[in-house]
Amino acid sequence: QAAKQAGSQKLAAGPWNVHPFANDMFQVSAPANWEAMPDPLPAGISIQLSDRENDLLFVASVVPKQDLSAASLDAFRQYVFAQSLQQSFSGLAIEEERQKQVDGYPAIDFKITGTINGANLIFLSRITEYPNYWMEVRIGTTRSRFSENEAMFEKIMATLHQRR
């Protein structure tokens, strides 16, 4: 376990790859050992990256605003909680919700804890309102591996932006 953690930290400090997604409208960077899942992705997923050796996962969904009835970031947050999170997680808890700006647009960051298929997971999550799109992002791992990877997750989230 300690060797895996040291290896993961070394990769996080090394070169990172840029991953464009949603028809090249957005991009995120991640350590070189994170792999993009090949198409076809599950319905509603724009990109999925993983570090399989360390059970780390990044998922982003980009949805045209015209496809949802949500008229505000708060309405989209309620939609995400009701339609996505509560259906996926048992024992769902939302923590540390905070408003911010991403690419100059309103966003909300929060931490999700819960269980999926018997695994206790923790994710950092962000929802962002772009002029024509809603974006939902999650990055996380199992409860036992979260604290050792949280700083790297935050670095990855910091690279997420709209391409101009």
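Residues numbered from 1 in each chain as written. Predicted model: local features only at pLDDT ≥ 70, side-chain atom pairs only at ≥ 80, totals over all residues. Heavy atoms only, no water.

Caption draft 1: Inspection of the sheet that holds strand β3 (residues 35-36) at higher detail. Across the sheet, seven strands lie side by side as β3-β4-β5-β9-β8-β7-β6; this open sheet has antiparallel pairing. Here the strands that pair on one side only, and so sit at the sheet edges, are β3 and β6 (90-102). Looking at chain direction, strand β7 (residues 105-116) and strand β8 (residues 119-129) are connected through 10 bridges and run antiparallel. In the sheet register, Lys111 faces β8, and the bridge partner there is Leu124. In the packing of helix α3 (residues 143-159) onto the sheet, the strands contacted are β5 (56-64), β7, β8 and β9 (133-142), and the crossing angle to β9 comes to about 145°. (Pairing = 2+ DSSP bridges. Helix = DSSP H or I, 4+ residues; strand = E, 2+ residues; numbered from the N terminus. Contact = heavy atoms within 4.5 Å. Axes fitted to C-alpha atoms, helices over the stretch in contact; angles between N-to-C directions.)

Caption draft 2: How the structure looks around the sheet that holds strand β1 (residues 16-21). In space, the three strands of this open sheet follow the order β1-β2-β10, with antiparallel pairing throughout. With one partner strand each, in any of the chains shown, β1 and β10 (161-162) form the two edges of the open sheet. Direction of pairing for β1 relative to strand β2 (residues 26-31): antiparallel, over a ladder of six bridges. Of the residues in β2, the one forming a bridge with His19 is Val28.

Caption draft 3: Main features of α3. Taking 1.5 Å of rise per residue, 17 residues should cover 24 Å, and α3 covers 24 Å from first to last C-alpha, within 8% of that figure. Of all bends in α3, the biggest is about 65°, found at Asn149. Listing the buried residues of α3 in full gives Arg145, Phe146, Asn149, Met152, Phe153, Ile156 and Met157. (Expected span 1.5 Å × (residues − 1). Bend = angle between axes of the 7 residues up to and from the residue. Buried < 20%, exposed > 50% of the residue type's maximum accessible area, 1.4 Å probe, protein only.)

Caption draft 4: Broad picture of the pairing of strand β4 (residues 47-51). The buried count for β4 comes to five of five residues, which makes it a mostly enclosed element. The alternating pattern of β4 places Ile47, Leu49 and Asp51 and Gln48 and Ser50 on opposite faces, both of which are buried. For β3 and β4, the ladder comprises two bridges, and the chain directions are antiparallel. Across the sheet, Ala36 pairs through a bridge with Leu49, a residue of β4. Where β4 and β5 come together, five bridges link them in antiparallel fashion. Following the sheet pairing, Ser50 is matched in β5 by Leu57. Hairpin connection, β4 to β5: the antiparallel pair is bridged by four residues, and Asp55 has positive phi, about 60°.

Caption draft 5: Local environment of the pattern of salt bridges. Counted according to the given criterion, the structure contains 10 salt bridges. The partner of Arg77 in a salt bridge is Asp74, and the shortest N-O contact between them spans 2.6 Å. Of this pair, Arg77 and Asp74 both sit in helix α2 (residues 73-88), three residues apart, roughly one helical turn. Overall, the relative accessible area of 16% leaves Arg77 in the buried class. With a closest N to O distance of 2.7 Å, Glu136 and Arg138 form a salt bridge. Each of the two residues, Glu136 as well as Arg138, counts as buried. Here the salt bridges share partners, and the residues they tie into one network are Arg98, Lys100, Asp109 and Arg126. (Salt bridge = Lys/Arg side-chain N within 4 Å of Asp/Glu carboxyl O.)

Caption draft 6: Spotlight on the nonpolar core. By size, the foremost hydrophobic cluster in this structure holds 26 residues, and its most contacted members are Phe21, Trp34 and Phe58. For this core, the elements supplying multiple residues, two or more each, are β2, β4, β5, β8, β9 and α3. Of all the elements, α3 adds the most residues to this core, at five residues. Grouped together as the second largest cluster of nonpolar side chains are 14 residues, Phe76, Ile108, Phe110 and Phe123 included. (Core = buried A, V, L, I, M, F, W, Y, C linked by side-chain atoms within 4.5 Å.)

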